[in-house]
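# Descriptive analysis of the structure
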Amino acid sequence: AQTVTQSQPEMSVQEAETVTLSCTYDTSESDYYLFWYKQPPSRQMILVIRQEAYKQQNATENRFSVNFQKAAKSFSLKISDSQLGDAAMYFCAYRVNTDKLIFGTGTRLQVFP
Amino acid sequence: NAGVTQTPKFQVLKTGQSMTLQCAQDMNHEYMSWYRQDPGMGLRLIHYSVGAGITDQGEVPNGYNVSRSTTEDFPLRLLSAAPSQTSVYFCASRIYGTQYFGPGTRLLVL
């Protein structure tokens, strides 16, 4: 079965510091997509970053980057120079060639000034 | 572009009532889907559509119906609401690899 595991229910970081959120997944597929979504209190699901499994290079979007380890089935999110606006729930998600996104249970990130 | 829009934002139903959650997108995306989000869980797929006239079941389809008569619209129908359907519902549309989500509809079934 395809599953996504986020083992950190809550994380906290000081403003301007760096934090890493963990995600592991289980799949027998070789071609798939991985995502990190941010969900602020407004409940809007906002795409943070996406990684195609066939790409060896780790994706980067401004202050957000991933560490994609395909063999270990690991997909962590690093947030650099954390800002108060980064406080939210973060969901890791996985998708194969269907429309089915499989989500982890989320990590609540708190940012302290 | 308005992106993915959902109405209503919030709805209270009594057990046994029916209703339709509306979803529309103006990006000409072929793929659309409905998810529900319950406390302590990520989103779970209810139904999805790969184009007008084509729908399929997701992970938790029981109690819900969908249809896709146009590319733009993908309504979700609750036939006879149950308290277990209390949740936040998200509609999404997809182009290539990435899904874009609507703002969600919060549904409370008493």
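See the structure shown above.
Notes on the structure in this doc start here. (Residues numbered from 1 in each chain as written. Chains lettered and ligands numbered in written order. Predicted model: local features only at pLDDT ≥ 70, side-chain atom pairs only at ≥ 80, totals over all residues. Heavy atoms only, no water.)

### Digging into the side chain of Ser 49 of chain B
Residue and element names in this part refer to chain B. The test is simple: Secondary structure counts use DSSP, requiring at least four H or I residues in a row for a helix and at least two E residues in a row for a strand, with both numbered from the N terminus. The buried label goes to any residue with under 20% of its type's maximum accessible area, the exposed label to any with over 50%, and the partly exposed label to all in between, with areas taken from a 1.4 Å probe on protein chains only. Polar contact criterion, stated in full: a pair of N or O atoms within 3.5 Å, where within protein one must be able to donate a hydrogen and the other to accept it, and residues adjacent in sequence count only if both atoms are side-chain atoms. In this analysis, two residues are considered to be in contact whenever any of their non-hydrogen atoms come within 4.5 Å of each other.
Relative to the helices and strands, Ser 49 is located in strand β5 (residues 43-51). By relative accessible area, which is 0% here, Ser 49 ends up buried. Polar contacts involving the side chain of Ser 49 include one to the main-chain carbonyl oxygen of Gly 51, which spans 2.9 Å. Residues contacting Ser 49, with those up to four places away along its chain left out, are Glu 30, Tyr 31, Met 32, Ile 54, Thr 55, Arg 68 and Phe 74.

### Description of the nonpolar core
Buried together is how nonpolar side chains tend to be arranged in soluble globular proteins. Just so we agree on the cut-off: Only buried Ala, Val, Leu, Ile, Met, Phe, Trp, Tyr and Cys residues count toward a nonpolar core, and they belong to the same one when joined by side-chain atoms within 4.5 Å.
Counting residues in hydrophobic clusters, the biggest one holds 27 residues, and the most contacted among them are Tyr 25, Trp 36, Phe 75, Leu 77, Tyr 90 and Tyr 94 of chain A. Going through the elements one at a time, β3 (19-21), β5 (33-39), β6 (46-52), β8 (64-69), β9 (74-79), β10 (88-95) and β12 (107-112) of chain A are the ones with two or more residues in this core. A total of four residues in this core trace back to one element, the largest contributor, which is β10 of chain A. Setting aside residues up to four positions removed in sequence, Tyr 94 of chain A forms contacts with Gln 2, Val 4, Tyr 25, Thr 27, Glu 29, Tyr 32, Tyr 33, Leu 34, Lys 100, Leu 101 and Ile 102 of chain A. Within the second largest apolar cluster, 19 residues are counted, among which are Cys 23, Trp 34, Ala 81 and Cys 91 of chain B.

### Topic: the packing of aromatic side chains
The geometry of two aromatic rings is summed up by the distance between their centres and the angle between their planes. Using the following cut-off: Only the six-membered ring of Trp is used, alongside the rings of Phe and Tyr, when aromatic pairs are assigned; centres must lie within 6.5 Å, and planes under 30 degrees apart are stacked while those over 60 apart are edge-to-face, with the rest tilted. Criterion for a charge above a ring: Arg CZ or Lys NZ at most 6 Å from the ring centre, at most 35 degrees from the ring normal.
Enumeration according to the criterion identifies 15 aromatic pairs over all chains in this entry. Judged by centre distance (6.1 Å) and plane angle (45°), the ring pair of Tyr 37 of chain A and Phe 103 of chain A falls under tilted. With Tyr 37 of chain A in strand β5 and Phe 103 of chain A in strand β11 (residues 101-103), the pair connects residues that are 66 residues apart, well separated along the chain. Put simply, the rings of Tyr 33, Phe 35, Tyr 37, Phe 91 and Phe 103 of chain A together with Tyr 35, Phe 90 and Phe 101 of chain B pair up and form one aromatic cluster. Note that Arg 68 of chain B overlies the ring of Phe 74 of chain B, its terminal NZ or CZ placed 5.9 Å from the centroid. One residue, Arg 94 of chain B, lies across the ring of Tyr 31 of chain B, its end atom 3.8 Å from the ring centre.

### Side note on the interface of chain B and chain A
Note the following rule: A pair is scored as a salt bridge if a Lys or Arg side-chain nitrogen falls within 4 Å of a carboxyl oxygen belonging to Asp or Glu. Three categories are distinguished: nonpolar for Ala, Val, Leu, Ile, Met, Phe, Trp, Tyr, Cys and Pro, charged for Asp, Glu, Lys and Arg, and polar for the others, with Gly belonging to the last.
Taken together, the 23 residues of chain B in the interface contact 18 residues of chain A. Inspection of the chain B/chain A interface yields zero salt bridges. The interface formed by chain B and chain A includes six residue pairs in polar contact (both at pLDDT 80 or more). Of all the secondary structure elements, the ones that give two or more residues to the side of chain B that touches chain A are β4 (31-37), β5, β9 (87-95) and β10 (98-101) of chain B. Across the side of chain B that touches chain A, the residue classes break down as twelve nonpolar, eight polar and three charged.

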